[in-house]
Amino acid sequence: MDTDLPILDLLPSRLREARRAQGLSLDAVAKLSGVSRSMVSQIERGESSPTIATLWNLTRALQVDFAGLLDAEAADKVEVLRASDVPRFDNMGEGCLIHILSPPEDVGGHEVYDIRFEAGGRLMSQPHKRGAQEQLTVLEGAVRVSSGAAAQDLAKGDTARYAADVAHGIEASEAARVFLIVKNG
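My aim in this report is to walk through the structure given alongside it, one point at a time. In this text the structure is predicted, and so the values were computed from the model without any measurement.

### Here we look at the pairing of strand β8 (residues 168-172)
Sheet faces and side chains relate simply in a regular strand, where the side chains alternate between the two faces.
Move 1: Of all the 5 residues making up β8, 4 are buried; the element is thus mostly covered by neighbouring parts of the structure.
Move 2: Here strand β3 (residues 110-125) runs beside β8; their pairing, made up of 4 bridges, is antiparallel. Directly across from Ser125, in β8, lies its bridge partner His168.

The following block contains the structure:
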């Protein structure tokens, strides 16, 4: 893709691609966005430039990111976070090192962690917000996962899904490494 094109030159194809990716017709987009079918068609053909309000309505209807749609480099970009730059905490539990893999803007939403435990290490957590869930996969070693009154022992390759809106924790009887996804409500 030629990223030297002005944003408005890229817009028609970006909107058309987003509509097709959703499997939507021009009529469906018109109904969902409140923008007339003819206007959607004109915008996709590059015959009309949308107002910000029209563009906002179209991006909401197509469930695409407004800023990303206008970013000339968004489609041809791979964001990399080098291992040396991954934020980490070693004071959140006992004998564990937590690497935060999710972007900062995901805090409180969908969080991803790589956690390494020493033998006997543990991470005990207070309840997160109502409806929160965690999914943990053991990459190395073995751990015991607890959620409320329930507990399960997990070995390498095992995955557990459990409520995180109650007191919960992870304990390692031996050195272990886990991949943890937190979905807050």
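### Quick look at the environment of Gly95
Move 1: For Gly95, the location among the structural elements is in strand β2 (residues 94-100).
Move 2: By relative accessible area, which is 28% here, Gly95 ends up partly exposed.
Move 3: Along the sequence, Gly95 and Gly120 sit 25 residues apart, while their C-alpha atoms lie 7.0 Å from each other.

### Comments concerning the pattern of salt bridges
Move 1: Per the stated rule, a full pass over the model turns up 8 salt bridges.
Move 2: Here Glu44 ties to Arg19 by a salt bridge, and the two come within 2.7 Å at their closest N and O atoms. A residue pair is termed long-range when its members are at least 10 positions apart, and Glu44 in helix α3 (residues 37-44) and Arg19 in helix α1 (residues 7-21) qualify at 25 residues.
Move 3: Residue Glu44 is classed as buried on the basis of its relative accessible area of 7%.

### Here we look at helix α2 (residues 26-33)
Given 3.6 residues per helical turn, the α-helix brings residues three or four places apart onto the same face.
Move 1: Leu26, Val29, Ala30 and Ser33 are the residues of α2 that are buried. Projection of α2 onto a plane perpendicular to its axis shows the buried side chains occupying an angular sector of 100°, all on one side. Facing away from the buried surface of α2 by more than 90 degrees, the exposed residues are Lys31 and Leu32.
Move 2: Residue Gly34 follows α2 closely and has a positive phi angle near 80°.

Parameters and conventions
- Residues numbered from 1 in each chain as written.
- Predicted model: local features only at pLDDT ≥ 70, side-chain atom pairs only at ≥ 80, totals over all residues.
- Heavy atoms only, no water.
- Buried < 20%, exposed > 50% of the residue type's maximum accessible area, 1.4 Å probe, protein only.
- Helix = DSSP H or I, 4+ residues; strand = E, 2+ residues; numbered from the N terminus.
- Pairing = 2+ DSSP bridges.
- Salt bridge = Lys/Arg side-chain N within 4 Å of Asp/Glu carboxyl O.
- Arc of directions from axis to C-beta.

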